[in-house]
Amino acid sequence: MTSETGSAETPLAPLVTDAPAKPPRVWKFWGTLLWGIVIFVAMFCGQIAVVAFFLIKQGNGLDLDTMKGVMGGGLTISLSVVAGLPAVLAAIWLATRVARAKFADYLALRWPGWKALLIGAVMLGVLITCWDLLSKALGREVAPGFMTDVLKSAQADGALWLLVLAFCVGAPVTEEFFVRGFLYRGWSETFLRPLGAIVLSSLVWTLMHLQYDWFFLGEVFSIGLLLGYLRYRYHSTWLTVVVHGINNLAATIQTIWLANQS
């Protein structure tokens, strides 16, 4: 019995708990491929915007030779590489966001340690030395003509520092986040397994360097295989960024030295 002023206590309604959060996903073969196209298009748009700016700046009456000079200029290429970086980062962030995954975890952005860096640098040095010896044995130039022309153009424009920054920092971060970070991560968890993912991502990376001839494309592909192995062995994309940067810095210094000798 209750008092006149009181009332029986009503039972509490059961607590409603939130549904468990869905676990992050990994984009598999086709998802990685489609998102890879989106990321590549974003990078291309960022780079082509810079080229378009310089072409418009030239004004009317552009002939083919002038267009080639603008598009192949050291300053244009430097700024286009730099402009491609934020576009790629934004596209990859969107892809990982849709997958409900953390950006750094998805791309394996963890520091590998000095031993891994040393091993990666030594392996790169051995590989590049072998290619240089083969190049000399075949009577070929050690440095690609494209690199020599771009460096000379950048020197003439007073933008050599910007080109070095773009080649040795901007390009490695952009390409490694895309290829060894995003593409490898998705493809390695499919029927391709890590080995197939290393080969396929290296092929994609090679196709991103079609400014070189067949010989240097072979060298690029072999470096891609090495970077893919390092990504697999040490589970770190930062490792491949650093080794990639070391490669580009060495190639830049070598090209500058050879150009000054001629």
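Keep in mind it's a predicted model, so treat the numbers as computed, not measured.

(A) Representation of the pattern of salt bridges within the structure. Evaluated as defined, the whole model comprises four salt bridges. Put simply, arginine 140 and aspartate 213 hold a salt bridge, and the shortest N to O gap is 2.5 Å. One end of the pair, arginine 140, is in the loop between α5 (114-137) and α6 (145-156); the other, aspartate 213, is in the loop between α8 (193-207) and α9 (214-234), and 73 residues separate them in sequence. Across the pair arginine 185 and glutamate 189 runs a salt bridge whose closest N-O atoms are separated by 3.0 Å. On the accessibility criterion, glutamate 189 (34% relative accessible area) is partly exposed. Among the ionic contacts, a cluster of salt bridges with common partners joins Lys28, Arg185 and Glu189.

(B) Fine view of the packing of helix α1 (residues 29-57) against helix α3 (residues 74-98). The N-to-C vectors of α1 and α3 enclose an angle of 150 degrees; their axes lie 7 Å apart at closest approach. Of the possible angle classes, the one that applies to α1 and α3 is roughly antiparallel. The way α1 lies across α3 gives a crossing that is right-handed. Looking at the contact of α1 with α3, its residues break down into 18 nonpolar, five polar and no charged.

Conventions adopted
Residues numbered from 1 in each chain as written. Predicted model: local features only at pLDDT ≥ 70, side-chain atom pairs only at ≥ 80, totals over all residues. Heavy atoms only, no water. Salt bridge = Lys/Arg side-chain N within 4 Å of Asp/Glu carboxyl O. Helix = DSSP H or I, 4+ residues; strand = E, 2+ residues; numbered from the N terminus. Buried < 20%, exposed > 50% of the residue type's maximum accessible area, 1.4 Å probe, protein only. Axes fitted to C-alpha atoms, helices over the stretch in contact; angles between N-to-C directions. Parallel < 35°, antiparallel > 145°, perpendicular 65-115°, else oblique. Left-handed = near helix turned anticlockwise from the far one by under 90°. Nonpolar A, V, L, I, M, F, W, Y, C, P; charged D, E, K, R; others polar.

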